[in-house]
Amino acid sequence: VYNEAMTTRVESRLALETQLRQAIANDELELHLQPKFCMDRRIVGAEALLRWHSDEIGWIPPNTFVALAEESNLIVELDTWVIRKACGLLASWKAEQLQAPQIAINLSAANLGDLSMVELLIRTCEEFDVAPAQLEVELTESALLTDMEQTRDALRLLKSHGFSIALDDFGTGFSSLSNLQHLPISLVKIDKSFVQELGQSADAEHIIRAIISLAHSLQISVVAEGVETEGQLEFLRQQHCDEIQGYYYARPMPWADLVQFLDNRSRAACLQQ
């Protein structure tokens, strides 16, 4: 049954889609970077997180506009923007003679199995003179369900060119564990929902132990997301987790702030020597 609210929703969606298209074209989006740390507190990388501030609406949640991009076929343009922006940041670090951490980027499941997207990654790295090893491609378990064979071919091609492949939100999807054996996965990321239950749920502790043990037996590294407390960090250290990411050490930040963050840590390290 039709009502006026339906028209309002459609009009709002079309307006937001138009604004997103303009934001991509005018380079109005931002990448915020959240550092990843190994257990001795060295920064080993950073995850690029997409942010959009509209002059008319304000900050728009990533889940909202990424879902809109996937529904409106803007996702190719959005992923292309992310790839170019990440490579541009890495090139800037290189130009300023800074040691850049590896940047992890999230690609849509809709584009992951498209070999043209793989070719775009390769060409963009060449254009910006960025080594593929400096980029890590993150995919969710749900991405593996779209077209398994095509996705496998795309990931193997990426791996052969030197890109790292990470499986994000591990333990929350529906993919088979055999994917860890048959896909060129370099790293799995334990979903923050498990980490946040540490100290409150014995099941969460058992799941994390199992994920770390399984991944290490397959020579795959493990990152724990959403680490916010000393207790969570200590548990993960005892389980020999390889890396952590979360507010305990650092929140996502703009590129300029990350450069300053790295510089401050470098100065502090020199003073301690």
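Figured I'd write up the structure that's included with this text. Bear in mind that the values here come from a model prediction, so they are computed numbers and not experimental data.

## Focus: the nonpolar core
So, point 1. One finds Ile 103, Ile 105, Leu 135, Val 188 and Leu 236 to be the most contacted residues of the largest nonpolar core, which totals 76 residues.
So, point 2. In terms of residue count, the dominant contributor to this core is helix H3 (residues 75-95) (ten residues).
So, point 3. Aside from chain neighbours lying at most four places away, what touches Leu 236 is Met 39, Leu 198, Ile 208, Ala 224, Val 227, Cys 241 and Ile 244.

## Description of the side chain of Glu 47
So, point 1. Relative to the assigned elements, Glu 47 resides in strand E2 (residues 43-54).
So, point 2. Accessibility expressed as a relative area gives 5% for Glu 47, which makes it buried.
So, point 3. Polar side-chain contacts of Glu 47 include one of 2.7 Å to the side chain of Gln 245.
So, point 4. Dropping the residues within four chain positions of it, Glu 47 is found in contact with His 32, Leu 33, Gln 34, Ala 104, Asn 106, Glu 138, Asp 168, Lys 189, Glu 225 and Gln 245.

## Quick look at the packing of H3 against helix H5 (residues 115-128)
So, point 1. Remark: H3 packs on H5, axes separated minimally by 10 Å, with the N-to-C direction vectors making an angle of 25°. The angle between H3 and H5 places the two elements in the roughly parallel class. Relative to H5, the crossing made by H3 is right-handed. Together, Val 76, Asp 79, Thr 80, Ile 83, Arg 84, Cys 87, Gly 88 and Ala 91 of H3 and Met 117, Leu 120, Leu 121, Thr 124, Cys 125, Glu 127 and Phe 128 of H5 make up the contact between the two elements.
So, point 2. Along the lines of polarity and charge, the residues of the contact of H3 with H5 split into nine nonpolar, three polar and three charged.

## What about the pattern of salt bridges?
So, point 1. Summed over all chains, the structure comprises 14 salt bridges.
So, point 2. Arg 21 is paired through a salt bridge with Glu 17; the nearest N and O atoms lie 3.3 Å apart. A residue pair is termed a helical-turn pair when its members lie 3 or 4 positions apart in one helix, as Arg 21 and Glu 17 do in helix H1 (residues 4-25) at four residues.
So, point 3. The exposure class assigned to Glu 17 is buried, which follows from its relative accessible area of 15%.
So, point 4. Between Glu 77 and Arg 21 there is a salt bridge, and its shortest N-O distance comes to 3.8 Å. Pair noted here: Glu 77 is in helix H3 and Arg 21 is in helix H1, with a separation of 56 residues, a long-range link.
So, point 5. Accessibility expressed as a relative area gives 35% for Glu 77, which makes it partly exposed.
So, point 6. Because the salt bridges share partners, they merge into one network encompassing Arg 13, Glu 17, Arg 21, Glu 71 and Glu 77.

## Quick look at the pairing of strand E4 (residues 102-106)
So, point 1. Burial analysis of E4 places four of its five residues in the buried class, the great majority of the element.
So, point 2. Pairing of E2 with E4 involves three bridges; the strand directions are parallel. Its bridge partner being in E4, Ala 46 is matched across the sheet by Ile 103.

## Points about helix H9 (residues 202-217)
So, point 1. An ideal rise of 1.5 Å per residue puts 22 Å on 16 residues; H9 measures up with 23 Å between its terminal C-alpha atoms.
So, point 2. Here the buried face of H9 lies against strand E6 (164-170), strand E7 (187-190), helix H8 (192-195), strand E8 (221-225) and helix H10 (230-238).
So, point 3. Where H9 starts, the residue carrying a side-chain oxygen 3.3 Å from the main-chain nitrogen of Asp 203 turns out to be Ser 201.
So, point 4. Taken from the residues just after H9, Gln 219 is the one with a positive phi, measuring 60°.

Conventions adopted
- Residues numbered from 1 in each chain as written.
- Predicted model: local features only at pLDDT ≥ 70, side-chain atom pairs only at ≥ 80, totals over all residues.
- Heavy atoms only, no water.
- Core = buried A, V, L, I, M, F, W, Y, C linked by side-chain atoms within 4.5 Å.
- Buried < 20%, exposed > 50% of the residue type's maximum accessible area, 1.4 Å probe, protein only.
- Helix = DSSP H or I, 4+ residues; strand = E, 2+ residues; numbered from the N terminus.
- Contact = heavy atoms within 4.5 Å.
- Polar contact = N/O pair within 3.5 Å; in protein donor to acceptor, adjacent residues only side chain to side chain.
- Axes fitted to C-alpha atoms, helices over the stretch in contact; angles between N-to-C directions.
- Parallel < 35°, antiparallel > 145°, perpendicular 65-115°, else oblique.
- Left-handed = near helix turned anticlockwise from the far one by under 90°.
- Nonpolar A, V, L, I, M, F, W, Y, C, P; charged D, E, K, R; others polar.
- Salt bridge = Lys/Arg side-chain N within 4 Å of Asp/Glu carboxyl O.
- Pairing = 2+ DSSP bridges.
- Expected span 1.5 Å × (residues − 1).

Note that every value here comes from positions in space, so none of it alone points to a role or purpose.
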